[in-house]
Amino acid sequence: MFNDIDAVLFDLDGTLIDSAPDLGAAADKMRTDRGLASLPLSRYRPMAGAGARGMIGIAFGLTPDDAGFPALKEEFFANYEACMTARTHVFDGVAELIARIDQAGLKWGVVTNKSARFTLPLTQAMPLFGTAQVIVSGDTTPHAKPHPAPLLEAARQLKVAPQRCIYVGDDERDMVAGRAAGMPTVVAAYGYLGPMADTQGWQADATIAKPMSLLDLLRMA
């Protein structure tokens, strides 16, 4: 299944980069601005993959169905935009993994549900992404994951058949999207899985506990 692979596509947050400290800080500032007690990063981290929905849910116990949610979301976005490169860092082993992928002559890129408003400045600010050949954001296509459209768009831009790409992510939506696009899928078990995640039920083709383990699947170890 992992033979004859020409490209590796990755989710962003929780797969390549640890953005939880900045996402959590953006939400926590909303609490402290209102005179509420600060919450530890450990409360925010498991929901970092859910973006504004997850962070506001932790900070205020609200859901997108609540009347005040849209205004809080815009406030969160403004806070995050101001700090999104302050504490965000590449996961251990990711830089080495990308270097090996580059050395092997494989194409690679990013497919994320994060909007281009954040994805583009964030990836432009981090040297890791200098060799990425495609970056597809949550608003690049009319549909976001779990719809396969973003993954198919990435394959199209890379000029690689979808079945010759693999997709690595830390969320069930990543696996659903990858399967629908006809790509082999890999769970990044080191990411933002959350306490209730049952990755066995995600029907992924493989699971890795650390980034460099991807090389074993690609027989590049």
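Because the structure is a prediction, the values reported are computed rather than measured.

### Looking at the nonpolar core
With 52 residues, the main nonpolar core has Val8, Phe10, Phe76, Trp108, Phe129, Val168 and Leu214 as its most contacted residues. Per-element accounting of this core gives the leading share, six residues, to helix H4 (residues 69-83). Setting aside residues no more than four positions away along its own chain, phenylalanine 10 makes contact with Thr15, Leu16, Leu97, Ile98, Ile101, Trp108, Gly109, Val110, Val111, Tyr167, Val168 and Leu214. Ala7, Leu151, Ala154 and Tyr167 belong to the second-largest nonpolar core, a separate cluster that totals 15 residues.

### Overview of the layout of surface pockets
Reported here for the largest pocket is a volume of approximately 610 Å³. Lining the largest pocket we find 25 residues, and of these Ala50, Gly51, Ala52, Asn113 and Lys114 sit closest to its centre. Among the secondary structure elements, those contributing two or more residues to the lining of the largest pocket are helix H3 (51-60), H4 and helix H8 (172-181). Considering every element that reaches the lining of the largest pocket, the biggest residue donor is H4, with five residues. Looking at side-chain class alone, the lining of the largest pocket contains 10 nonpolar, five polar and 10 charged residues. Estimates place the volume of the second largest pocket at around 180 Å³. Surrounding the second largest pocket, 13 residues form its lining, Pro46, Met47, Asp171, Tyr192 and Leu193 being those nearest its centre.

### Things to note about the environment of glutamate 153
On the secondary structure map, glutamate 153 appears in helix H7 (residues 149-158). Between the C-alpha atoms of glutamate 153 and valine 111, which are 42 residues apart in sequence, the distance is 9.2 Å. Apart from the residues lying within four places of it in its own chain, the contact partners of glutamate 153 are Val136, Thr140 and Thr141. Only 2.8 Å separates the side chain of glutamate 153 from the side chain of glutamine 157, close enough to count as a polar contact.

### Focus on helix H6 (residues 116-125)
Looking at H6, one finds that the buried residues are Phe118, Thr119, Leu122 and Thr123. Burial along H6 is one-sided: seen end-on, the buried residues are contained in an arc of 105°. Considering only its buried residues, H6 is in contact with strand S2 (17-18), H4 and strand S5 (134-136).

Cut-off values and rules
- Residues numbered from 1 in each chain as written.
- Predicted model: local features only at pLDDT ≥ 70, side-chain atom pairs only at ≥ 80, totals over all residues.
- Heavy atoms only, no water.
- Core = buried A, V, L, I, M, F, W, Y, C linked by side-chain atoms within 4.5 Å.
- Buried < 20%, exposed > 50% of the residue type's maximum accessible area, 1.4 Å probe, protein only.
- Helix = DSSP H or I, 4+ residues; strand = E, 2+ residues; numbered from the N terminus.
- Contact = heavy atoms within 4.5 Å.
- 1 Å grid on protein atoms, 1.4 Å probe; cavity = no way out; pocket = protein on both sides within 12 Å on 5 of 7 lines; lining within 4 Å.
- Points joined across faces, edges and corners; volume = space filled by probe spheres on them.
- Nonpolar A, V, L, I, M, F, W, Y, C, P; charged D, E, K, R; others polar.
- Polar contact = N/O pair within 3.5 Å; in protein donor to acceptor, adjacent residues only side chain to side chain.
- Arc of directions from axis to C-beta.

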